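A look at the structure
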Amino acid sequence: MLDLDKRSISYLPGVGPKKADILVKEAGISSYEDLLYYFPYRYVDRSRFYQVAEINGSMPYIQLKGRILSFETLGEGRTRRLVARFADGSGVIDLVWFKGVAFVKNKYVLNKEYIVFGKPTEFGRSYNIAHPEIDPIEQGGQVAGGLTPFYNTTEKMKKSFLNSKAIQNLQYSLLKSLNWDIPETLPRHLLDRVGMMSLPEAIRNIHFPDSAEALKSAQLRLKFDELFFVQLNTLRTATMRKRKLKGIVFPNVGEMFNTFYKDYLPFELTGAQKRVVREIRADMGSGRQMNRLLQGDVGSGKTLVALLSMLLAVDNAYQACIMAPTEILANQHYVTIMEFLKDMPIKVALLTGSTKKKEREKILPAIASGEIQIVIGTHALIEETVVFSSLGLSIIDEQHRFGVEQRARLWTKNSVIPHVLVMTATPIPRTLAMTLYGDLDVSVIDELPPGRKPIKTLHRYDNKKAQLYDFLRKEIQLGRQVYVVYPLIEGSEKLDYKNLEEGFEIFKEVFPEYKVCMVHGKMKAADKDAEMQKFISGEANMLLATTVIEVGVNVPNASVMVIESAERFGLSQLHQLRGRVGRGAEQSYCVLVSSYKLSNDTRKRLEIMVSTNDGFEIAEADLRLRGHGDLDGTQQSGEGVYLKIASLATDGQILQYARDIANELLDKDPDLTDETNRILNERLSKIFRKKTNWGLIS
Ligand code: ADP
Ligand code: MG
């Protein structure tokens, strides 16, 4: 059978070079296979007519049959719109156009019977249909009937006569030329095991559904396929790694760990911290190399878990290091860890880009000799001049700031790969973690240290600034410090700093009695650190910043976080920012300042922030909102794999099932060498052929 992925779309009758070019550029369709996997983003039930009286808020696209009673132009400027009253005997509904007003008014005749087709939306207490499709009743035979697929198209595609209908026609002629048959991607035994529709049948039904049920089965099969191969790939590389990479064994829980735990630990570990330390200990004693992701909301106490893990390494005569994404953070880790360790006989060094040459000349040999047991630093740690004598554990803080390659460099520093612990405060929903980090083991700290007062989050409009200033003044009078964060405006650096700098001038004017400082990404590192230091030391009362303060800074006395233009931030970013406060004993506040005009999604985002402090809940909501708003339904599933049909937000169960099936298969045939599994191997290398085998190193 011909290779559908190698056959250029330009060979398809009716396409030709010009259209082929548009299809590649606008829709990423370059082969026959690409076309077949260009799925409709919705289906419309044109099998029946609905009545106006039946309409409710949760309807898909529907069709109505009736007459236009009147036209009326309402509003001015941007709100100018044409409204038609449309009646079908059961009720009346408004049809609305914001564009093409004159055209519409001329085209349709009052009191003539039409088929109207569109999606009803709730508008105040009634419903309307914006920009409906309208066909004369005589054309009913052509437009009605069955489930009609709709494909995403762009303006350029439409201009080249590649609208949704045209794509459907292309699908038809392609499938017909293939006799409606395409190669299966799953072996027979697997198809029997999962009892799903065959691939040719699924592809046919996704484009030309026989029925709503058949469409559902087709969607299930294609979602499963997609998720199954992603899982098979990650799990296979994970098993490969586990077999190949022998781990350093840490058999001892020795003096340092025990002494610290008994005599130095200033507070009881939370239950979650205890559990995670146990998991890490088990890993590092198992003889396999640990590759673990530690997720914990901001302030959940990851640093302490890191320190305890490093003590385990030290007790086993190995070195440990922790790499932070910025100097400020590395410094802070150093200070924190030194405070925790007090007079314990452990040699700790700090190594960053601004470590002085003389200092460096002392530190490097001591790392090489093994005299220094714990090294804390930035990416300066991965420079070639840094050689460890026996690195047993690498910890990476705030992992999303480091590229995969950077991380890899850290563990190729040894002949034996050290244990790796990646810590992140970005809560990743389970489904996403399984796809992104399917080959990492995941630990979660899902409990905050006791005594924290939940942060109060408020939403305020930016025309009520005076009240906000009063509130800030009161808090500062109580001795607290305040963060004010401004968004980065993409593609316009000038504007960024304009906002921040204007804010700076205003705050200095409004608060002449207090010290205001400012940091942003374009400042020299030394200046930035100096300003930051003023805030950390308590000398400055307010810190105005762009999002450079997002990551990990710990100033327990700062109890108010003001986020300007909050509508410009994503949910997880808002949550990260909010996590900068609420670290001390005082009641903390997060004030989201936005303009009055907000889109529905933005309003929802801010509402979620006000209603919960739970990072996981927020991450799930974020995924749902973004997954929802994403018209073409493509989602990045990991390192460069895009999901075309499955959704990480809603297909968690299918994902879990796909993972179980992949595991079951790999248990029996870990290398997929069995003849019956050959097509799986081929499919994997086809999908992932361009990808480096990160699984071995990340
Ligand atoms: P993050 O997970 O954001 O890195 P940190 O490790 O910075 O959190 O911890 C936040 C604060 O909580 C620190 O001041 C730390 O000393 C404190 N802390 C950590 N664990 C506990 C605990 N079990 N009980 C009380 N305070 C704790
Ligand atoms: Mg931290």
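Numbering of residues begins from 1 in every chain and follows the order in which that chain's sequence is written. As a convention, the first chain written is A and the first ligand written is 1, with the rest following in written order. Selection of residues for local features in this predicted model requires a pLDDT of at least 70, selection of side-chain atom pairs for listing and counting requires 80 or more, and totals for whole chains, interfaces and linings are taken over all residues. The side-chain quantities take in all heavy atoms of the structure and omit both hydrogens and water.

**Some thoughts on the site of ligand 1**
Put simply, the rule is: For this purpose, a residue is taken to be near a molecule or strand whenever a single non-hydrogen atom of the residue falls within 4 Å of it. Definition of a polar contact: a pair of N or O atoms within 3.5 Å, with one able to donate and the other able to accept a hydrogen when the atoms are protein atoms, and with sequence-neighbouring residues admitted only if both atoms are side-chain atoms. In these tables, accessible area is a Shrake-Rupley quantity obtained with a 1.4 Å probe, and a residue counts as shielded only by the protein chains included in the view.
With respect to spatial proximity, 17 residues lie near ligand 1, and among them Gln273, Gly299, Lys302, Thr303 and Arg452 are the closest. Separating a nitrogen atom of ligand 1 from a backbone N or O atom of Glu268 is a distance of 2.9 Å. Side-chain polar atom of Thr303 to an oxygen atom of ligand 1: 2.6 Å apart, as the coordinates give it. Look at ligand 1: alone it shows 570 Å² of surface, and the protein chains cover 82% of it.

**Some points on the pattern of salt bridges**
This is how it is decided: In the sections that follow, a salt bridge refers to a side-chain nitrogen of Lys or Arg positioned within 4 Å of a carboxyl oxygen of Asp or Glu. Helix numbering and strand numbering both begin at the N terminus, where a helix is a DSSP run of H or I of at least 4 residues and a strand a DSSP run of E of at least 2. Buried, partly exposed and exposed residues are distinguished by accessible area as a fraction of the type maximum, computed with a 1.4 Å probe on protein chains only: under 20%, between the cut-offs, and over 50%, respectively.
The final tally for this structure, using the stated rule, is 29 salt bridges. In this structure, Asp192 engages Arg188 in a salt bridge whose closest nitrogen and oxygen atoms are separated by 2.9 Å. Note that Asp192 and Arg188 are positioned in helix α7 (residues 188-194) at a spacing of 4 residues, about one turn of the helix. Each of the two residues, Asp192 as well as Arg188, counts as exposed. For the salt bridge of Asp225 with Arg221, the shortest nitrogen-to-oxygen distance reads 2.8 Å. Pair noted here: Asp225 and Arg221 are both in helix α9 (residues 212-244), with a separation of 4 residues, about one helical turn.

**Quick word on the packing of aromatic side chains**
The cut-off we apply is this: Two rings from Phe, Tyr or Trp (for Trp, the six-membered ring) form a pair when their centres sit within 6.5 Å of each other. Planes less than 30 degrees apart are called stacked, planes more than 60 degrees apart edge-to-face, and all others tilted.
For the structure shown, the criterion picks out 23 aromatic pairs. Pairing Tyr37 with Phe39 gives two aromatic rings, centres 5.5 Å apart and planes at 50°, and the pair type is tilted. Using a relative accessible area of 15% as the deciding quantity, one classes Tyr37 as buried. For Phe39, a relative accessible area of 11% puts it in the buried group. Ring geometry for Tyr469 versus Phe507: centroids 5.5 Å apart, planes at 80°, classification edge-to-face. A residue pair is termed long-range when its members are at least 10 positions apart, and Tyr469 in helix α17 (residues 465-477) and Phe507 in helix α18 (residues 493-510) qualify at 38 residues. You'll find Tyr469 and Phe507 in the same group, each marked buried.

**Quick look at the sheet that holds strand β14 (residues 391-397)**
Two pairing modes exist for strands in a sheet, parallel and antiparallel, and in both the strands are linked by backbone hydrogen bonds. How we decide: Paired strands, as defined in this entry, are two strands with at least two bridges between them according to DSSP. Angles shown run from 0 to 180 degrees and are taken between the N-to-C directions of axes, each axis being a line fitted to C-alpha atoms and, for helices, limited to the stretch in contact. When checking whether two residues touch, look at their non-hydrogen atoms; a contact exists if any pair is within 4.5 Å.
With parallel pairing, 7 strands are arranged side by side in an open sheet as β12-β13-β11-β14-β15-β10-β16. Two strands close off the open sheet at either side, each with one partner strand: β12 (348-351) and β16 (441-445). Taking each pair of neighbouring strands and ignoring which way they run, the sheet shows an average axis angle of 20°. Sheet topology places β14 next to strand β15 (residues 419-424); 5 bridges connect them, and they run parallel. Bridge assignment links Ile396 to a residue of β15, and that residue is Val422. Against the sheet, helix α11 (residues 271-284) touches β10 (291-296), β14, β15 and β16, its axis set at about 155° to β16.

**Some remarks on the side chain of Arg578**
Spelled out, the test is: Note on charges: Lys and Arg go in the positive column, Asp and Glu in the negative column, and His and the chain ends are not counted at all.
Note that Arg578 resides in helix α20 (residues 571-578). Among buried charged residues, Arg578 stands out as having no salt bridge; its nearest opposite-charge side chain is Asp297, 7.3 Å away. Looking at Arg578, its side chain comes within polar contact range of the side chain of Asn613, at 3.4 Å. Apart from residues lying up to four places away in sequence, Arg578 is in contact with Ile455, Thr457, Met561, Cys590, Met609, Thr612, Asn613 and Ile618.

**Thoughts on the nonpolar core**
Where we set the bar: Here, nonpolar core refers to any group of buried Ala, Val, Leu, Ile, Met, Phe, Trp, Tyr and Cys residues whose side-chain atoms link them within 4.5 Å.
Ranked by size, the top nonpolar core spans 44 residues in total, and within it Phe260, Leu307, Met310, Leu341 and Leu393 carry the most contacts. Ranked by residues supplied to this core, first place goes to helix α12 (residues 302-315) with 10 residues. Contact partners of Leu393, with chain neighbours within four places excluded, come to Met284, Met290, Ser309, Met310, Ala313, Gln319, Ala320, Cys321, Pro418, His419 and Leu421. Listed in part, the 36 residues of the second largest apolar core include Ala20, Phe39, Leu170 and Ile645.

**Brief notes about the sheet that holds strand β21 (residues 558-563)**
Spatially, the 6 strands line up as an open sheet ordered β17-β22-β21-β18-β20-β19, and their pairing is parallel. Across the chains shown, the open sheet's two edge strands, defined by having one partner strand only, are β17 (456-461) and β19 (516-519). Averaged over all neighbouring strand pairs, the angle between strand axes comes to 20°, with direction disregarded. Most of the contacts of helix α21 (residues 600-611) go to β17, to which it runs at about 145°, and overall it touches β17 and β22 (589-594).

**Quick look at the environment of Pro487**
Inspection of the secondary structure puts Pro487 in the loop between β18 (481-485) and α18. Residues Pro487 and Asn499, spaced 12 residues apart in sequence, show a C-alpha to C-alpha distance of 8.4 Å.

**Observations regarding the packing of helix α6 (residues 164-177) against helix α8 (residues 199-207)**
Put simply, the rule reads: In what follows, roughly perpendicular refers to angles from 65 to 115 degrees, roughly parallel to angles under 35, roughly antiparallel to angles over 145, and oblique to any angle outside these ranges. Helix crossings are classified by the rotation of the near helix relative to the far one: an anticlockwise turn of less than a right angle makes the crossing left-handed, while a clockwise turn makes it right-handed. For this scheme, ten residues count as nonpolar: Ala, Val, Leu, Ile, Met, Phe, Trp, Tyr, Cys and Pro. Four count as charged, namely Asp, Glu, Lys and Arg, and the remainder, Gly too, count as polar.
It is the contact of α6 with α8, at a shortest axis distance of 10 Å, that shows an interaxial angle of 155°. With respect to α8, the element α6 is oriented roughly antiparallel. Pair α6 / α8 crosses with left-handed handedness. Along the contact surface, α6 presents Gln168, Gln171 and Leu175, while α8 presents Ile203, Arg204 and His207. Looking at side-chain class alone, the contact of α6 with α8 contains 2 nonpolar, 3 polar and 1 charged residues.

**Details of helix α19 (residues 525-536)**
In an α-helix, one turn spans 3.6 residues; hence positions three or four apart end up facing the same way. Condition: A helix is expected to reach a length of 1.5 Å times the quantity of its residues less one. The arc in question is traced by the directions running from the helix axis to the C-beta atoms.
Over its 12 residues, α19 extends 16 Å from the first C-alpha to the last, a length consistent with the 16 Å expected when each residue adds 1.5 Å. Taken together, the buried positions of α19 are Glu531, Met532 and Phe535. Projected down its long axis, α19 shows its buried positions confined to an angular sector of 100°, all on one face. Contacts from the buried residues of α19 go to α13 (327-341), β18, β19, β20 (542-545) and β21.

**A few points about α21**
In a regular helix each residue adds 1.5 Å, so 12 residues correspond to 16 Å; α21 covers 16 Å between its end C-alpha atoms and thus fits that length. Residues of α21 that are buried include every one of Thr602, Arg605, Leu606, Ile608 and Met609, and no others. Buried residues of α21, seen end-on, are gathered within an arc of 155° and therefore sit on one face of the element. Across α21 from its buried face, at more than 90 degrees, point the exposed residues Asn600 and Ser611.

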